[in-house]
Amino acid sequence: MKLYKIITCFICVMIAGLVQVRAQGDQILDGIGETGLIARYVFDKDAKDWSRNNLHAEIKGDAKFVKDALFKNVLALSGQAYIILPSSALNNVESISMAGWIKLNVPTSDQFFFDFGKNQNSHAYVAPLGTGKNENFTTAVSENRNKDYTLSSSKVGLPKDRWSHLVLVIDVPSKTIKAFMNGVQVSQKGEIELELSDIFNVESGEENQLYIGKAISQNKASLDASIHDFRIYRIGLTNNQVKGIFENALKKRDGVVNERKEPQDNLPEFSRTSPQLYNEFLASVDDIEVETQVGVLPRLPRTLKATYKNGLEGPQVKVTWPAPDDNSEVLKTGTYTINGSVAGTDLKPKATVNVVESTIAEKPARALEAFDLDQVSLESNANGQNTKFIENRDKFINTLAQTNPDSFLYMFRNAFGQEQPAGAKPLGVWDTQETKLRGHATGHYLTAIAQAYASTGYDKALQQNFADKMEYMVNTLYQLSQMSGKPAEEGGDFNANPTAVPMGPGKEIYSSDLSEEGIRTDYWNWGEGFISAYPPDQFIMLENGAVYGTEETKIWAPYYTLHKILAGLMDIYEVSGNEKALAVAEGMGDWVYGRLSELPTDTLMSMWNRYIAGEFGGMNEAMARLYRITGKDTYLETARLFDNIKVFFGDASHSHGLAKNVDTFRGLHANQHIPQIVGALEMYRDSDKPEYFNVADNFWVKATNDYMYSIGGVAGARNPANAECFIAQPGTLYENGLSAGGQNETCATYNMLKLTRNLFLYEQRPELMDYYERGLYNHILASVAEDSPANTYHVPLRPGSKKSFGNPNMTGFTCCNGTALESSTKLQNSIYFKGADNKALYVNLYVPSTLHWHENNIELTQETNFPKEDHTKLTINGKGKFDLKLRVPGWATNGFTVKINGKDQKVKATPGTYLSLSRKWKDGDTVELQMPFGFYLDPIMDQQNIASLFYGPVLLAAQEDEPRTDWRKVNFDAENIGASIKGNPEELTFEIDGVMYKPFYDTYGRHSVYLDVDLD
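How each quantity is defined
Residues numbered from 1 in each chain as written. Predicted model: local features only at pLDDT ≥ 70, side-chain atom pairs only at ≥ 80, totals over all residues. Heavy atoms only, no water. Salt bridge = Lys/Arg side-chain N within 4 Å of Asp/Glu carboxyl O. Buried < 20%, exposed > 50% of the residue type's maximum accessible area, 1.4 Å probe, protein only. Helix = DSSP H or I, 4+ residues; strand = E, 2+ residues; numbered from the N terminus. Pairing = 2+ DSSP bridges. Axes fitted to C-alpha atoms, helices over the stretch in contact; angles between N-to-C directions. Disulfide = S-S within 2.5 Å. Patch = residues over 30% accessible without salt bridge, like charges linked within 9 Å, V, L, I, M, F, W, Y side chains within 5 Å. Areas by Shrake-Rupley, 256 points an atom, 1.4 Å probe, with all protein chains shown as cover. Lys, Arg positive; Asp, Glu negative; His and termini not counted. Charge placed at Lys NZ, Arg CZ, Asp CG, Glu CD. Parallel < 35°, antiparallel > 145°, perpendicular 65-115°, else oblique. Left-handed = near helix turned anticlockwise from the far one by under 90°. Contact = heavy atoms within 4.5 Å. Nonpolar A, V, L, I, M, F, W, Y, C, P; charged D, E, K, R; others polar. Core = buried A, V, L, I, M, F, W, Y, C linked by side-chain atoms within 4.5 Å. Expected span 1.5 Å × (residues − 1). Polar contact = N/O pair within 3.5 Å; in protein donor to acceptor, adjacent residues only side chain to side chain.

1. Topic: the pattern of salt bridges
Next, step 1: A full pass over the atoms with the stated rule returns 49 salt bridges.
Next, step 2: For Asp 229, the salt bridge is made with Arg 231, and the minimal N-O distance between the two is 3.1 Å.
Next, step 3: Owing to a relative accessible area of 5%, Asp 229 belongs among the buried residues under this scheme.
Next, step 4: Measuring nitrogen to oxygen at the nearest pair gives 3.8 Å for the salt bridge that ties Glu 735 to Arg 272.

Structure follows, in structure tokens:
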């Protein structure tokens, strides 16, 4: 049977008996995951983008929405009608897939379903019945006619008056172009030599012409057809994914968020039983014995001592242990054993667990405090050059200084129905008119300008710029907050009660419609104290069960946005003493307490465990902080109402959960939950309940051991199919991680560093600051573009990947663009800590800087070119007795030497500890440290031949010339990793087999962070 007959028969069977199929939700979709989606146009009543990216299309000409037997409502194009998409839709894409439904009215050639490109010579198109004399289904991708890939399917034709699903996939890493009809691949071109930048402007989008229904080369529209559900993905869809989209559209069911039935990618496969890396030389692994209390799962080490063959001195061995999802194994005293596994071997190290009666544990005390930002200044390096810290700081601070606060206030004024100042322009991306998360960037902005103000004492004019911005922002927000719940005019109606907010005028439901026509602006009905960039409906809808989505019956994380605003207001209050900022925060805190305090526990548990909709950022942290500032007990009670009981405690009875070391976060959205953990630690600070500390500490250990990539990021699953989620099972990054669309959401690492820093203030465990250094250097510093403050959202770590940077002018923010404002205006905040009693000074990071320790009248300067050199010099100005605590990094296995005033000191410096120098310090004393760097590997636990190469604290990335799907293979000497590595340590540039390796933070082109390593 001919291929086109098979396709026709199949679709007829699928369609038979169906009267109508509604749009398949917008939680996206079909086992692919939302993060792979760029835009989705359902075309049932408008040309709006159903994704969260707000890339709304525009209909040109006399198009009509018409009834349809299969899809209910569709868009009919004919005559001069066509659709134009925003030119920025293809920004920062590496691969692309375009998919949509079409029903032709006339069976003629020269009809273009879509044509996307810079111009008529550099473009990609689908012509359902070909062009010119070629009347076959045709797809083409061309670059200035130098590279022309045309796929024409002679055996496939589109029937008139029948729906067909057409897909064009340009998969750059695999160097393939594929075309599909009705879920079946009908043509393919391989070994293409093409980058998407050849055919699209992927930087700014300025040249792009993105048309549905006409060709770039034609003045008039060409398509006479109906269209429906057009999608653009930033990944190269696999055959099974295309088939899934097609089949799901013909079934009466919604796509499921994160649904994944089987692996769908092109990662190389390796034997599970072959020895990997150092495991090839293993002779034995030590067994261990641990103790735990009744009800608490034991904390098992992820590395164990081992014996290697032939006297090889290899590293400790990574061990994977079973991960129970409850604590049933430890509900009574006794002894039991757990068998671990070592990847690629049949070794089964044994852990003997002794379960003992519960005891009253000593509560960790907050032993350290941080210095204020204005007490630590970043300095040039020992050679007088700007460091990466200063480079990134200046990119952000200088651009922040040029921003217009009215852009960040635009949607607040819009929500309250107020006129905009002359020249005010709204932000884009997630802060547009109809975006349900609008206002989130304003919260980040408040924090960033507060931090910038505190950090710019070196430039008084610049500091005044931020002082003026803070005052203007707060005055406007205060004015709006004072309007809420009060009559618009004397004697007018109003509702001051947060729990009695009525539906909007003319509405029969609470609605998240924020369009110019649909938004409610009756602020007098919203209850006293309310402040947001949208009316209160989303908060109320969450209580009533609303889920995440773009329809007006769905919501997008209202408490997440509120947390950013509250945190920003408190940051401004604490650096400037602005009482209005605190008053606005208190007003909203009262509003939140009024509503949440009336809700039953079951409702709260449902809310906080709802994917994205219930994401509340760090509201528990913010409310506990507000309690600490004001002393009002209701704010601490409000913070408790944000407990994620299911994750923290397992259930309402607190029977297990993270508090008892049960992994309850596997497969969950990472950055929805990490800020909640930060908040749990803040609750411990203010409520002194040890279970909150246990939640935070247990989470940190699990996240950094079982879910961490080499750059320090912890999110990035392909199972579940969402790059923003933790992998489905701990310790399986290779099996379930390395998402095709990128992973390691940058704001998740921002929050991991925040958690790490706060934990260290309680327990000075060196591994905390080892992780902090890793995430700071190899993700946060590496997340910023070379010549602007544009920064990464997801960071791709597959072979031959390329970072994508966005928001160079601070005009359109994703979540990670927002946290980047914060990260890069506080880079000095963890270099030093002080003892709570001011009797100790901790030096955590080796960064050129000056510390002003006001309480002790001490100024300390740090001169270094770290990490381009392995030593630093500390000079003390002032005098006094205190302990100088110096971090000995875990990677410093080649020694750590100390000189005081030029004299060698006999000290025992063990890697992964803090070295204490206790003396009465004199003015001018110097301390010189040296810690020779070495090369080492950081392997993925479940596939250890796939490993990253480090030099001291710095991750080295292979600089790639082209896309690739296979891991770069390298061979090293097992006894000396660096023996075959050439290069210049002072510039951190190295060469292996003719390939350049540079720090990941200095990498802007294609790269390979992970390598396929063999040891000789």
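Back to the text.
2. Topic: unusual backbone geometry
Next, step 1: Here the amide bond leading from Asn 719 into Pro 720 is cis, since omega sits at 0°, within 30 degrees of zero.
Next, step 2: By the element assignment, Pro 720 lies in the loop between α15 (690-706) and α16 (733-736).
Next, step 3: Cis rather than trans, the peptide bond between Phe 866 and Pro 867 has omega equal to 5°.
Next, step 4: Among the secondary structure elements, Pro 867 is positioned in the loop between β32 (858-864) and β33 (871-877).

3. Points about the sheet that holds strand β22 (residues 350-356)
Whether parallel or antiparallel, the strands of a sheet pair through hydrogen bonds between backbone atoms.
Next, step 1: Ordered in space as β17-β22-β21, the 3 strands form an open sheet in which the pairing is mixed. In this open sheet, the two edge strands, each paired with only one partner strand, are β17 (288-293) and β21 (334-339). Here the average twist between neighbouring strands, direction ignored, is 25°.
Next, step 2: Bridge count between β21 and β22: 6 bridges; the pairing is antiparallel. Across the sheet, Gly 334 pairs through a bridge with Val 355, a residue of β22.

4. What about the state of the cysteines?
Next, step 1: If you walk through the whole model with that rule in mind, you get 0 disulfides.
Next, step 2: Not engaged in a disulfide, the cysteine Cys 725 finds its nearest cysteine sulfur in Cys 815; these two sulfurs lie 13 Å apart.
Next, step 3: For Cys 725, a relative accessible area of 0% puts it in the buried group.
Next, step 4: We note that Cys 816 lacks a disulfide partner, and the nearest cysteine sulfur, in Cys 747, lies 3.3 Å from it.

5. Examining a negative patch on the surface
Next, step 1: Among the surface-exposed residues, Glu 280, Glu 313, Asp 973, Glu 975, Asp 1014 and Asp 1016 lie close enough to one another that they form a single negatively charged patch.
Next, step 2: Considering the arrangement of structural elements, one finds Asp 973 in the loop between β42 (968-972) and β43 (982-984).

6. Quick notes on the packing of helix α14 (residues 670-687) against helix α17 (residues 746-760)
Next, step 1: Where α14 contacts α17, the axes come no closer than 9 Å and their chain directions differ by 15°. With respect to each other, α14 and α17 are oriented roughly parallel. Judged by the twist between their axes, the crossing of α14 over α17 is left-handed. On the side of α14, the interface is formed by Asn 671, Ile 674, Pro 675, Ile 677, Val 678 and Leu 681, while α17 contributes Cys 747, Ala 748, Asn 751, Met 752, Lys 754, Leu 755, Asn 758 and Leu 759.
Next, step 2: When grouped by side-chain class, the residues that make up the contact of α14 with α17 number 10 nonpolar, 3 polar and 1 charged.

7. Digging into the side chain of Thr 875
Next, step 1: With respect to the helices and strands, the residue Thr 875 is situated in strand β33.
Next, step 2: Here Thr 875 is in contact with Glu 859, Leu 860, Thr 861, Glu 863, Gly 924, Asp 925 and Thr 926, once residues within four sequence places are set aside.

8. Here we look at the nonpolar core
Next, step 1: Judged by nonpolar contacts, the single largest core of 243 residues is most densely connected at Tyr 559 and Leu 884.
Next, step 2: When residues no more than four places from it in sequence are discounted, the contact partners of Tyr 559 are Phe 539, Leu 542, Val 592, Leu 596, Trp 608, Glu 615, Phe 616, Met 619 and Phe 642.
Next, step 3: Counting 52 residues, the second largest nonpolar core, distinct from the first, contains Ile 96, Leu 194, Leu 196 and Phe 200.

9. Comments concerning helix α6 (residues 460-483)
Next, step 1: Counted at 1.5 Å a residue, the expected span for α6 with its 24 residues is 34 Å, and the 35 Å between its end C-alpha atoms agrees.
Next, step 2: Between the side-chain oxygen at the start of α6 and the backbone nitrogen of Ala 461 there is a gap of 3.2 Å, and the oxygen is on Asp 459.
Next, step 3: Gly 485, located one to two residues past α6, shows a positive phi value of around 75°.

10. A look at the environment of Met 483
Next, step 1: On the secondary structure map, Met 483 appears in helix α6.
Next, step 2: Each C-alpha atom of the pair Met 483 and Trp 556 lies 25 Å from the other, and the pair is 73 residues apart in sequence.

11. Describing the packing of helix α8 (residues 558-576) against helix α9 (residues 579-596)
Next, step 1: Two elements in contact, α8 and α9, have axes separated by 8 Å at closest approach and are oriented at 150°. Taken as a pair, α8 and α9 cross one another with a handedness that is left-handed. Contacts between α8 and α9 involve Tyr 559, Leu 562, Leu 566, Leu 569, Met 570, Ile 572 and Tyr 573 from the former and Glu 579, Ala 581, Leu 582, Val 584, Ala 585, Met 588, Val 592 and Leu 596 from the latter.
Next, step 2: Split by residue class, the contact of α8 with α9 holds 14 nonpolar, no polar and 1 charged.

12. Remarks on the sheet that holds strand β23 (residues 368-370)
Next, step 1: Taken together, the 5 strands give an open sheet; going across it, the order is β23-β29-β30-β34-β37, and neighbouring strands pair in mixed fashion. One side of each edge strand has no neighbouring strand; the edge strands of this open sheet are β23 and β37 (913-921). In this sheet, neighbouring strand axes are inclined to one another by 25° on average, regardless of whether the strands run parallel or antiparallel.

13. A short note on the pairing of strand β45 (residues 995-999)
Next, step 1: One ladder, built from 3 bridges, connects strand β41 (residues 954-959) with β45; its direction is antiparallel. Counterpart to Leu 956 in the pairing with β45 is Pro 999.
Next, step 2: The pairing of strand β44 (residues 989-992) with β45 spans 3 bridges and is antiparallel. What sits directly across from Ile 992, in β45, is Val 995.
Next, step 3: Between β44 and β45, which pair antiparallel one after the other, the connecting turn spans 2 residues, and Asp 993 there sits at a positive phi close to 55°.

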